[in-house]
Amino acid sequence: MPESILPLPRLGGSALERQLAAQRARRPADPLLSLVVPVFNEEESIDLFLDTVRPLMERDGFRFEIVFVNDGSRDDTLAHLLDRGMGDRRLRVVNLSRNFGKEAALTAGIDHARGDVIVPMDIDLQDPPELIEPFMARWREGYDIVYGVRSLRASDTAAKRLSAGWFYRVFNSMSPVRIPENVGDFRLVDRRAVEVLRQLPERNRFMKGLFAWVGFNAVGVSYERPQRAAGESKFNLWRLWNFALDGVVSFSTAPLRAWFYVGVVIAAVAVLYAVFIVTRVLLFGIDTPGYASLLIAVLLMGAIQLLSLGIIGEYLGRLFLEVKGRPIYVVEGVYEDGNVSPPAA
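Residues numbered from 1 in each chain as written. Predicted model: local features only at pLDDT ≥ 70, side-chain atom pairs only at ≥ 80, totals over all residues. Heavy atoms only, no water.

A. Main features of the overall build of the chain. A tally of helices and strands in the chain yields 11 helices and 9 strands. Across the chain, every contact between residues at least 6 apart in sequence was considered, and the portion connecting residues at least 24 apart equals 82%. Surface exposure of the chain reaches about 18600 Å², of which carbon and sulfur atoms provide 62%. (Helix = DSSP H or I, 4+ residues; strand = E, 2+ residues; numbered from the N terminus. Contact = heavy atoms within 4.5 Å. Areas by Shrake-Rupley, 256 points an atom, 1.4 Å probe, with all protein chains shown as cover.)

Have a look at this one:
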């Protein structure tokens with residue numbers, strides 16, 4: 001049916017209902033589903049992932065492809081992927097020239113995916129492939145983004161659950177772009193949202209924030225996150241801290257603005273204290289300042305200055321990386337059914 005004569009719902013329907021109806025009418029009946037799977041040293045997880053996901057996709061009748069992004073693995077991940085991809089054109093391997101990080105690898109997979117809908121997911125099966133079918137059901141209702149909400153995180157440590165909760169609260173209180181709590185990269189994204197996402201050029205990428213920034217109609221689907229099926233997580237506490245810092249700095253200038261108010265408060269306190277000292281000297285004579293109070297004031301101001309310079313440095317460093325304009329990732333080659341093609345220009 002031509003788009004110009006697409007039927008809209010009854011006039012009494014809400015704006016959301018009308019939007020969803022318009023999108024339902026534009027959706028292909030047999031969409032191509034692209035699974036985007038970044039991998040780094042995951043040779044022990046490949047067979048289990050493919051033996052679980054491929055039969056499930058075939059059972060549900062999906063037309064699909066699996067785009068693996070090898071993010072500079074140092075084990076036999078690439079060789080194993082190429083062996084499993086022989087004779088199956090539904091499997092493609094985007095091999096990066098070195099390790100660029102998960103956010104860059106995820107960007108590379110999204111750039112190379114051909115599907116009408118794209119589902120980023122981890123290879124460890126903590127993103128349950130059984131959830132793709134309910135994702136698709138909500139997509140057919142007209143939603144552009146369907147994200148998985150971790151209703152139960154028993155596989156995570158108490159410290160990780162606590163720190164994750166604090167991160168979402170801090171991020172959403174500081175950033176104009178709100179991200180849903182307990183939501184990772186596992187989601188379904190319609191092609192029109194993907195095309196907007198591909199236009200975002202920043203090098204310091206926080207994909208959860210970027211998925212939220214593009215907007216469009218989104219809905220969550222709850223699930224219980226299981227244990228890793230194989231292998232070990234490549235994220236330690238230090239990498240998680242830096243990941244959270246990247247997210248806050250990429251989507252909020254509140255840390256910079258906060259130090260303006262800190263400076264105002266300290267200046268006001270200093271003026272009041274000066275007035276107090278002058279008044280006391282005028283009333284009671286010469287005042288002899290104490291060494292301890294002077295030392296505390298100097299150390300306090302020095303610490304505040306160093307902390308504020310550090311925050312400014314975080315923003316300045318990211319600006320430095322953006323100005324250089326280097327690509328987000330470098331592709332060594334794209335492997336499909338035993339053939340390799342050079343990266344697209």
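B. Focus on the packing of aromatic side chains. Per the counting criterion, the structure on display carries 3 aromatic pairs. With 5.1 Å between their ring centres and 45° between their planes, F135 and F186 make a pair best called tilted. Taken together, the residues F135 in helix α5 (residues 132-140) and F186 in strand β6 (residues 183-190) connect sequence positions 51 residues apart. With a relative accessible area of 0%, F135 lands in the buried category. Directly above the aromatic system of F100 lies the positively charged group of R98, at a separation of 3.9 Å from the ring centroid. (Phe/Tyr/Trp six-rings, centres within 6.5 Å; stacked < 30°, edge-to-face > 60°. Buried < 20%, exposed > 50% of the residue type's maximum accessible area, 1.4 Å probe, protein only. Lys NZ or Arg CZ within 6 Å of the ring centre and 35° of its normal.)

C. View of a nonpolar patch on the surface. Taken together, the side chains of L306, L309 and I312 present a nonpolar region at the surface, about 330 Å² in accessible area. Position of L306 among the secondary structure elements: in helix α11 (residues 291-324). A relative accessible area of 64% means that L306 is categorised as exposed. (Patch = residues over 30% accessible without salt bridge, like charges linked within 9 Å, V, L, I, M, F, W, Y side chains within 5 Å. Salt bridge = Lys/Arg side-chain N within 4 Å of Asp/Glu carboxyl O.)

D. Expanded view of the pairing of β6. Counting buried positions over the 8 residues of β6 gives 8, a clear majority of the element. Summarising the sheet, strand β4 (residues 117-120) and β6 pair through 2 bridges and their orientation is antiparallel. Bridged to V117 within β6 is D190. (Pairing = 2+ DSSP bridges.)

E. Here's a closer look at helix α2 (residues 46-59). In this model α2 runs 20 Å from its N-terminal to its C-terminal C-alpha over 14 residues, within 8% of the 20 Å that 1.5 Å per residue would give. Buried residues along α2 sit in contact with β1 (32-39), β2 (63-70), α3 (77-85), β3 (91-96) and α5. G61, located one to two residues past α2, shows a positive phi value of around 75°. (Expected span 1.5 Å × (residues − 1).)

F. Representation of the pattern of salt bridges within the structure. The tally for this structure, following the rule as stated, stands at 19 salt bridges. In this structure, the salt-bridge partner of R59 is D60, at a minimum N-O distance of 3.2 Å. Between R198 and E195 there is a salt bridge whose closest N-O contact spans 3.7 Å. A relative accessible area of 40% places R198 in the partly exposed class. Given the relative accessible area of 33%, E195 is considered partly exposed.

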